[in-house]
Amino acid sequence: MCCKKIKKFIQKNRLEIIAISSIVLIALLLRLFRISEFLTFLGDEGRDVRIVRNILQGDLAFIGPQTSIGNMYLGPLYYYIIAPALLLFNLSPVGPAVLMAFLGSLTVGLVWWVARTWFNPLSGVLAALFMALSPVAIIYSRSSWNPNPMPFFSLLAVFALYKTWQGKDSRWLILSAISFAFALQMHYLGLLLIPTLAVFWFLSFKKTKDSPVKKKQFLVANLKSLVIFLFLMSPLVLFDLKHQGMNYNAFKSFFTTRQTTINLNPTNSDRLVPVWNKITSDLVMGQTEENVTLISLSIFLLGIWAFTKEKEKAPATVLFVWLTFAVLGLSMYKQHVYAHYFGFFWPAIYILVGWIISKLFQGAYVNKLLGIFLLFWIVIININNSPLKQSPNNQLQRTEDVVDLIIKESAGEPFNFGLIAKQNYDESYRYFLENKDAKMIRGEDGISDQLFVVCENEECEPEGDPGWQIAIFGPADTEGEWQIDHIQIFKLVHAN
């Protein structure tokens, strides 16, 4: 029955299916293009694949990555998402990156489906096109990093609750709860989804008050959703129980004592306009800032205009509530806002812009001209700023080349290892050293007769460097020096 419905849908919408299939294919190609050369592989990525490798070897993880701010830990679901890909690619970090490329392309397809369901087919095709070409979406879909799957799960959580609100099967609540748990374990900015989900949960509940049968079904679905959500989040609870409430205390401190980071009253914030400009620049304008205030204001005003012209207000209401809470939430954050912070709502931006242009196409001649201009301008500006035009960073290959050189120069003898870097730490190197069975000894486990120091800074003085893995080696003299690209490698031995 399901297959017949799909076949009938395809036959009825041939041009749309061809268009979205082409867009998803383009999205996938843009994300897979030379992915091993473009992917990011620094300390965070090395830490993640080390943990996932250990999971595959039977050492299960019950806690996820640590946040960069606040000393909080995420849940472990991200590790288990990328584990099959790492195994399939024979422990190569390229595997999880390829998985992110497929998931990012799948998100493009989901954006199309949600936008066409909410508004019309043209909205879906345009929204998918904008996300497929977006430099930010490409960058964060070709590397394996815990925030990267967030757009998919956030969109699924909101859409599933919308289906519940519209009187569909209450079991959509279960999908929303699962998706929200995954989104929350990708990044704690997923907490900003709570107000949106809460509003439409409450509206869904109100719609059941006149029907005892529907109310019972709704409550049963809520109970199942809660059980599943708590099960998925249980590793964090168990972690806190074992570690004297570390995460709870970190959250408490973050929201109560870190007044330089959080402003809990968004109405007093002076960051609403800068945050909206940043969103517009990163997600719509290909990370350019020329005339960003004018463009962001235009999108805001056109969005309100489109809302007044929309006959079916429910989808537009979801979209505006989602975006409103997102912007208000981010405006409470006093520090720099990075593009990956937008992961919990960036599908909403592409849907908004696609919907606006589709409404312009439905209007008068002048509106159609404006819609055509906006469409071509957004496509061109994103293509012109495509990250594929940049030179690949080659971080993965360079890291492995450095490790191979160290193994060769160590002559099969035990060695200590240290890294000097301003914005990196040694987990990426450790991953390859361990995979290649190098005789590396951590300084806290023992001191060998040789120390290899990798320097990623422009200038380095490894002798006497205060870094722990270097300082613990003791007084040393440089015996050898090599260079791979901009990376310097030093071999130190104990001073006479």
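Provided above is the structure to which this section pertains.
Here is what the cut-offs are and how they apply
Residues numbered from 1 in each chain as written. Predicted model: local features only at pLDDT ≥ 70, side-chain atom pairs only at ≥ 80, totals over all residues. Heavy atoms only, no water. Helix = DSSP H or I, 4+ residues; strand = E, 2+ residues; numbered from the N terminus. Buried < 20%, exposed > 50% of the residue type's maximum accessible area, 1.4 Å probe, protein only. Contact = heavy atoms within 4.5 Å. Polar contact = N/O pair within 3.5 Å; in protein donor to acceptor, adjacent residues only side chain to side chain. Pairing = 2+ DSSP bridges. Disulfide = S-S within 2.5 Å. Salt bridge = Lys/Arg side-chain N within 4 Å of Asp/Glu carboxyl O. Axes fitted to C-alpha atoms, helices over the stretch in contact; angles between N-to-C directions. Parallel < 35°, antiparallel > 145°, perpendicular 65-115°, else oblique. Left-handed = near helix turned anticlockwise from the far one by under 90°. Nonpolar A, V, L, I, M, F, W, Y, C, P; charged D, E, K, R; others polar. Core = buried A, V, L, I, M, F, W, Y, C linked by side-chain atoms within 4.5 Å. Patch = residues over 30% accessible without salt bridge, like charges linked within 9 Å, V, L, I, M, F, W, Y side chains within 5 Å. Areas by Shrake-Rupley, 256 points an atom, 1.4 Å probe, with all protein chains shown as cover. Lys, Arg positive; Asp, Glu negative; His and termini not counted. Charge placed at Lys NZ, Arg CZ, Asp CG, Glu CD.

1. Notes on the environment of Glu481
Inference 1: The residue Glu481 is located in strand β4 (residues 476-484) in this model.
Inference 2: Residue Glu481 is classed as partly exposed on the basis of its relative accessible area, which comes to 49%.
Inference 3: Setting aside residues up to four positions removed in sequence, Glu481 forms contacts with Gln488, Ile489 and Phe490.
Inference 4: Separated by 3.5 Å, the side chains of Glu481 and Gln488 make a polar contact.

2. Considerations on the pairing of β4
Inference 1: Where β4 lies against strand β5 (residues 487-494), eight bridges are found, and the strand directions are antiparallel. Across the sheet, residue Ile484 finds its bridge partner in β5, namely Ile487.

3. With respect to the state of the cysteines
Inference 1: With the rule as written, the count across this model stands at one disulfide.
Inference 2: One disulfide bridge connects Cys455 with Cys460, the sulfur atoms lying 1.4 Å from each other. Around the S-S axis, the bridge from Cys455 to Cys460 shows a dihedral of about 65° and counts as right-handed. For the pair Cys455 and Cys460, one class covers both residues: buried.

4. Focus: the side chain of Ser281
Inference 1: Note on placement: Ser281 falls in helix α14 (residues 272-283).
Inference 2: Classification of Ser281 by relative accessible area gives buried; the value is 4%.
Inference 3: Residues in contact with Ser281, not counting those within four places in the same chain, are Gly286, Gln287, Thr288, Glu289 and Val292.

5. A few points about the pattern of salt bridges
Inference 1: Tallied over the full model, the rule gives 17 salt bridges.
Inference 2: Asp282 serves as the salt-bridge partner of Lys278, at 3.2 Å between the closest nitrogen and oxygen. With Lys278 and Asp282 both in helix α14 and four residues apart, this pair spans about one turn of that helix.
Inference 3: Its relative accessible area of 25% is what places Lys278 among the partly exposed residues.
Inference 4: Given a relative accessible area of 3%, Asp282 falls into the buried group.
Inference 5: Sharing partners across several salt bridges, the network here consists of Arg50, Arg53, Glu427, Arg430 and Glu434.

6. Topic: the sheet that holds strand β3 (residues 450-455)
Inference 1: Judged by pairing direction, the sheet is mixed, and its five strands sit side by side in the order β2-β1-β3-β5-β4 without closing on themselves. Each of the sheet's edge strands pairs with one partner strand only, and the pair in question is β2 (440-441) and β4.
Inference 2: Here five bridges tie strand β1 (residues 415-420) to β3, and the two strands are oriented parallel to one another. Looking across to β3, one finds that Gly418 is bridged to Val453.

7. Focus on the packing of helix α5 (residues 77-88) against helix α6 (residues 94-118)
Inference 1: The contact between α5 and α6 brings their axes to 7 Å, and the two run at 120°. With respect to α6, the axis of α5 lies oblique. Crossing handedness for the pair α5 and α6: right-handed. Two secondary-structure elements touch here, α5 through Ile81, Ile82, Ala85 and Leu86 and α6 through Gly95, Pro96, Leu99 and Met100.
Inference 2: Looking at the contact of α5 with α6 residue by residue, the class counts come to seven nonpolar, one polar and no charged.

8. Let's talk about the environment of Ser204
Inference 1: Take Ser204: it is sitting in helix α11 (residues 194-206).
Inference 2: Apart from the residues within four sequence positions on either side, Ser204 is in contact with Leu161, Thr164, Trp165 and Phe218.

9. Examining the nonpolar core
Inference 1: In this structure, Trp118, Phe345 and Ile351 are the most contacted members of the largest nonpolar core, which totals 145 residues.
Inference 2: Per element, the largest residue contribution to this core is 13 residues, and it comes from α6.
Inference 3: When sequence neighbours within four positions are dropped, the list of residues in contact with Phe345 reads Ile279, Trp322, Leu323, Ala326 and Leu330.

10. Notes on a negative patch on the surface
Inference 1: Together, Glu458, Glu459, Glu461, Glu463 and Asp477 make up a region of like negative charge exposed at the surface.
Inference 2: Secondary-structure assignment places Glu459 in the loop between β3 and α21 (468-471).
Inference 3: On the basis of relative accessible area, Glu459 is assigned to the exposed category, the value being 72%.

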